[in-house]
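Single-letter residue listing:
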Amino acid sequence: MYVAVKGGERAIDAAHAWLADERRGDTGIAVLSVAQIREQLALAVNRVMAEGSLYDPDLAALAIKQSRGDLIEAVFLIRAYRTTLPRIGASTPIDTGRMDLTRRISATFKDLPGGQILGPTFDYTHRLLDFALMAEGETPASVISAPVSSPTGETGVHLAAAVPHVTGFLNRDGLIQTETPGDSTPPDLTREPMELPATRPLRLQALTRGDEGFVLSLAYSTQRGYGRTHAFVGELRIGTVAVEMDIPELGFAVQIGEVEVTECETVNQFTGSKTEPPQFTRGYGLVFGQTERKAISMSLVDRALRWQELGEDFTGAPAQDEEFVLMHADNVQATGFLEHIKLPHYVDFQAELELIRRLRREAMAEREAAE
Amino acid sequence: MTDQAYNFAYLDEQTKRMIRRAILKGIAIPGYQVPFASREMPMPYGWGTGGVQVTAACLTPDDTLKVIDQGADDTTNAVSIRKFFQRTAGVAVTEATTEATIIQTRHRIPETALTKGQILVYQVPIPEPLRFLEPRETETRKMHELEEYGLMHVKLYEDIARHGTIATSYDYPVKVEGRYVMDPSPIPKFDNPKLSDNPAIQLFGAGREQRIYALPPHTHVVSLDFDDHPFTASKAAHDCDLCAAQDSYLDEVITDDQGNRMFVCSDTDFCRSRREAGHLGRLGTPLSEVEQ
Amino acid sequence: MTVHDRTLTDQPLFQVQGLSKFYGARIGCADVSFDLYPGEVLGIVGESGSGKSTLLSCLAGHLTPDTGRVIFDTAQGPRDTVTMGEAERRRMARTDWAFVHQNPRDGLRMGVSAGGNVGERLMAIGARHYGDIRATAIDWLGRVEIAADRIDDRPRAFSGGMQQRLQIARNLVTGPRLVFMDEPTGGLDVSVQARLLDLLRGLVREMGLSAIIVTHDLAVVRLLADRLMVMKGGHVVEQGLTDQVLDDPQHAYTQLLVSSVLQV
């Protein structure tokens, strides 16, 4: 006799218990600490902060531990947490011109004020698995000392030395389009529904928290001809910047902390017309942490999406299609909807079954009648 | 963070206010999709976050909540969502449709008729009825604004030309108060007639797509069709094998390796109430303590 | 078949005043003015680069002109379509106006059957009887000489000439008052062109349509147009009755155009 399937609640509890066991893994092996993840898997932590839109390396490391290394799952945890946080206020815009530089390179000039600083990069490593890392011992301390920090200014704000941007030099000669500074506060993508057509600030927000793989592939596609923009890396800089807030009661800004960011400015193909002399155009990327690949990809896609305001043609390239890019860049939304097809859909499937049975019956009947 | 650190029903009051404003707009313009700033919720997008946000915005401590998925209270996602609200709101929960003040549902409308004062919250994956005919949001928005629904009827025409009948069995588009074409969520078309002139408030939440829409009580809702190919609310031509109901939507269950099958009410509460009242189907037996 | 009453009226259907469109310093079209009366067909000829396509796009509302007014005699009286809101213009484009594209693919839904293509405008204005819609579609397919048994085929399966005829049926089924045509015979074989022109001429007369036809082919205007505008470099260099302009061209460029056409 048929008994309806019940026990969903017990199944869920058992599944969660098993999950906790799997997460811990072999109990004969040392537990992974949040501090270890934060320190030794910093690039994963950076990605989770960037896509989670929350700067907190400890929380990001915790999310990675809890999600068993599934970074999109970790981003989801961070985002869900972020939603619950009270908003005290907004900082002033960060000044990337005053950055404690860890890394700073430009592909457009051999040398420039501030220098080319290689920084801790994988770029010139040979990709050979280092089996010495499998041994549990310590690696010898490096001989490079930490960069000297700048003296504190009078107001109590920690002032990094100003290192001018390459685009600043090009701008002085009028060679690159000026970005007009604005006073208005940009809308917050996490507080307002996405509306299309989008403004550039909204696009940049969506890109910086968009999936790194998706943005990377779109950027790659522009390099291969799908909306080519002839990008040069004018400037890539990584380092810490001060975060400041205006306190009305004090009448001045106070530094409340610092964040590490990666900033990329690309110099792209020039526009111009009979009346306007040609100028280089720009792409921009800004991401939490040392997150180079994402920052560079972001600036290429940003530039591709500016085709309309620069008077270029829409070639049908995916990276130029604002709605396509912005609606599909969010990996938490994407995975949620993708994975939802695992949920029961048998009611709708039943409706389709009935329909297809009926249509087949009618088609068979017609065929028999014809014979 | 402990559960006590969360606000009643998880969302902070500002967010609830924002959602309620969207709901009120939706009620004022039946069938119109109101954009809202969907929040990240602790369950994934696509798993009912829109419905959960709408329910959270409506809940008061005195409410009694019912959550169903595919018509059943005990499917995993319904269990998960009900537990979420028990933890974060502490409201009374029930499986009985008649006792609930708020019902959150995925893919079904309960068989038991709803009454004035009840709220039915639908989980919606894709709120835009024209989405698969026109992928661009910028374009579909204009089509709604200008009442340009020709494309929708073209699709129905094509179905009849190809299959002899309209080939949509669920997610069947409707016209609301003669103005907006609306997606009723993936309920089977069998449920469509219940949308119209319903004494309850019906709210639709799409979290990932960031839209809320609504049908106030006693709204006139018509399923799209042609005069000579009228809409029919069809279902499998069987009675429920457990409770003998003739007019309830049925699940098909394969019972053995030979492919034998039986049909049972998708609405588990409805089926159980009928059996408690003594109605028995072909394979039904009186309810014993074992099953309850 | 309906015969529309081509009564003379004082009110032009379509009035264009001082229309110009520039691309930076380059002239798209400059200072174009004309009136069009109900039932009249106007041909706009010129070589590529003459500005005729730009002009047509401005007239049909696909491009915004830089100067000028485009006044259409709507049911609510004469209205300047340039300043009209988008909602209204789109509504007009579905009912009072029609646009036949040079490439039929631009004017058809390639993934929808021929019947669906013809029926769409009817359904958009409220037709709700499947049988009637289908009958009207079959009737129109007949009028454009497409066999009724092709009604459920997709345009992909049609030849270029058939696709163009389908596009015409799709546009005319709701009886618009003004039809824009952009090189309607472009890309078709000569014999197919001839057939299409005959068809168009018949339909225009029958339905009392007004039309504005852009073409580089003088044979098209000879057959279809009552009046003619010759364009060169964005300017209108000559206009008048078709036969007069073609038989007795005044402007040097028109003379050149006319004399270069092979006299077969």
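For the structure itself, look to the data block above.
Keep in mind the model is a prediction, meaning the values are calculated, not measured.

Trainee: Can you break down the overall build of chain A residue by residue, with the values?
Mentor: Within chain A one finds 12 helices and four strands. Here chain A has a C-alpha radius of gyration of 26 Å; the compact-globule value for 371 residues is 21 Å, and the former is much larger. With the C-alpha coordinates of chain A rotated into their principal frame, the extents come out at 85 × 70 × 55 Å. Looking at chain A as a whole, 36% of its 371 residues are labelled buried. For chain A, the share of sequence-separated contacts (at least 6 apart) that also reach a separation of at least 24 residues comes to 65%. Carbon and sulfur atoms form 58% of the exposed surface of chain A, whose accessible area is close to 22,100 Å². Charge-centre separation for chain A: the mean point of 36 positive side chains lies 4 Å from the mean point of 53 negative side chains.

Trainee: Account for the overall build of chain C, with residues named and values stated.
Mentor: On a plain count of helices and strands, chain C comes out with 10 helices and 10 strands. The C-alpha atoms of chain C give 18 Å as radius of gyration, which agrees with the globular expectation for 264 residues (18 Å, within 12%). Of all 264 residues assigned to chain C, the portion counted as buried reaches 53%. Considering only intrachain contacts with a sequence separation of at least 6, the fraction spanning at least 24 residues in chain C is 68%. Carbon together with sulfur atoms contributes 50% to the accessible area of chain C, which is approximately 11,700 Å² in total.

Trainee: So, the nonpolar core: which residues are in play, and what are the values?
Mentor: Side chains of nonpolar character tend, in soluble globular proteins, to be buried together. Ranked by size, the top nonpolar core spans 67 residues in total, and within it Phe226 of chain B together with Val118, Trp140, Leu166, Ile168, Leu172 and Val179 of chain C carry the most contacts. With seven residues, helix H7 (residues 190-207) of chain C is the largest single contributor of residues to this core. Those residues within four positions of Val118 of chain C in sequence are excluded, and the remaining contacts are Ala137, Trp140, Leu141, Leu166, Ala169, Arg170 and Val173 of chain C. One finds Tyr10, Val34, Phe84 and Leu203 of chain B within the second-largest nonpolar core, a separate group that totals 32 residues.

Trainee: Give me the lowdown on the side chain of Asp302 of chain A, citing residues and values where you can.
Mentor: In this structure, Asp302 of chain A sits in helix H9 (residues 292-305). With residues up to four places along the chain from it excluded, the contact list for Asp302 of chain A reads Arg200, Leu204, Leu207, Arg282, Gly283 and Tyr284 of chain A.

Trainee: Lay out a nonpolar patch on the surface with the relevant residues and their values.
Mentor: On the surface, a nonpolar cluster with roughly 430 Å² of combined accessible area is contributed by Leu129, Phe131 and Met134 of chain A. With a relative accessible area of 57%, Phe131 of chain A lands in the exposed category.

Trainee: Break down the environment of Ile88 of chain A for me, citing the residues and quoting the values.
Mentor: With respect to the helices and strands, the residue Ile88 of chain A is situated in the loop between helix H5 (71-84) and strand E1 (100-105). When the C-alpha atoms of Ile88 of chain A and Glu322 of chain A are compared, they prove to be 32 Å apart, with 234 residues separating the residues in sequence.

Trainee: Help me get a handle on the interface of chain B and chain C, residues and values and all.
Mentor: Between chain B and chain C, the contact holds 21 residues from the first and 23 residues from the second. Between chain B and chain C, a total of about 1,900 Å² is buried, with carbon and sulfur atoms accounting for 56% of that surface. Counting across the interface, chain B meets chain C through five salt bridges. Of the charged contacts in the structure, one is a salt bridge between Arg90 of chain C and Glu148 of chain B, with a shortest N-O distance of 3.1 Å. Looking at the side of chain B that touches chain C, the elements with two or more residues in it are helix H4 (137-145) and helix H5 (150-163) of chain B. Of all the elements, H5 of chain B adds the most residues to the side of chain B that touches chain C, at nine residues. Counted by class, the side of chain B that touches chain C contains eight nonpolar, three polar and 10 charged residues.

Trainee: Give a detailed account of the sheet that holds strand E6 (residues 174-176) of chain B, specifying residues and quantitative values.
Mentor: All names here are of chain B. Pairing is antiparallel in the open sheet, where three strands are placed in the order E7-E6-E10. Strand pairing shows two members of the sheet lacking a second neighbour, strand E7 (180-182) and strand E10 (221-223), which therefore form its edges. Each strand axis lies, on average, 30° off the axis of its neighbour in the sheet, ignoring direction. Note: E6 against E7, three bridges, orientation antiparallel. Its bridge partner lying in E7, Val176 is registered against Tyr180.

Trainee: Pulling in residues and values, what's your account of the interface of chain A and chain B?
Mentor: Each partner contributes to the interface: chain A provides 50 residues, whereas chain B provides 62 residues. Of the roughly 4,700 Å² buried at the junction of chain A and chain B (both faces included), carbon and sulfur atoms supply 58%. Connecting chain A to chain B are four salt bridges. A salt bridge links Glu252 of chain B to Arg357 of chain A; the shortest N-O distance between them is 2.9 Å. Connecting chain A to chain B are 21 residue pairs in polar contact (both at pLDDT 80 or more). Where the side of chain A that touches chain B is concerned, the elements lending two or more residues are helix H1 (8-24), H5, helix H10 (322-328), helix H11 (331-339) and helix H12 (346-370) of chain A. The biggest single contributor to the side of chain A that touches chain B is H12 of chain A, with 13 residues. For the side of chain A that touches chain B, the class distribution of residues is 23 nonpolar, 10 polar and 17 charged.

Trainee: Tell me about the packing of aromatic side chains, and please be specific about residues and values.
Mentor: Under the defined criterion, the tally for this structure stands at 19 aromatic pairs over all chains. Ring geometry for Phe14 of chain C and Phe72 of chain C: centres 6.3 Å apart, planes at 70°, overall edge-to-face. Pair noted here: Phe14 of chain C is in strand E1 (residues 14-23) and Phe72 of chain C is in strand E4 (residues 67-74), with a separation of 58 residues, a long-range link. Of the two residues, Phe14 of chain C and Phe72 of chain C, neither departs from the other in class, the shared state being buried. Aromatic ring contacts, followed pair by pair, group Phe14, Phe34, Phe72, Trp97, Phe99 and Phe180 of chain C into a single cluster. For the cation-ring pair, Arg208 of chain B lies above Phe337 of chain A, with the distance from its terminal atom to the ring centre recorded as 3.7 Å.

What counts and what doesn't
- Residues numbered from 1 in each chain as written.
- Chains lettered and ligands numbered in written order.
- Predicted model: local features only at pLDDT ≥ 70, side-chain atom pairs only at ≥ 80, totals over all residues.
- Heavy atoms only, no water.
- Helix = DSSP H or I, 4+ residues; strand = E, 2+ residues; numbered from the N terminus.
- Rg over C-alpha atoms; globule rule 2.2 N^0.38 Å.
- Buried < 20%, exposed > 50% of the residue type's maximum accessible area, 1.4 Å probe, protein only.
- Contact = heavy atoms within 4.5 Å.
- Areas by Shrake-Rupley, 256 points an atom, 1.4 Å probe, with all protein chains shown as cover.
- Lys, Arg positive; Asp, Glu negative; His and termini not counted.
- Charge placed at Lys NZ, Arg CZ, Asp CG, Glu CD.
- Core = buried A, V, L, I, M, F, W, Y, C linked by side-chain atoms within 4.5 Å.
- Patch = residues over 30% accessible without salt bridge, like charges linked within 9 Å, V, L, I, M, F, W, Y side chains within 5 Å.
- Salt bridge = Lys/Arg side-chain N within 4 Å of Asp/Glu carboxyl O.
- Buried area = accessible area lost by both parts, 1.4 Å probe.
- Nonpolar A, V, L, I, M, F, W, Y, C, P; charged D, E, K, R; others polar.
- Pairing = 2+ DSSP bridges.
- Axes fitted to C-alpha atoms, helices over the stretch in contact; angles between N-to-C directions.
- Polar contact = N/O pair within 3.5 Å; in protein donor to acceptor, adjacent residues only side chain to side chain.
- Phe/Tyr/Trp six-rings, centres within 6.5 Å; stacked < 30°, edge-to-face > 60°.
- Lys NZ or Arg CZ within 6 Å of the ring centre and 35° of its normal.

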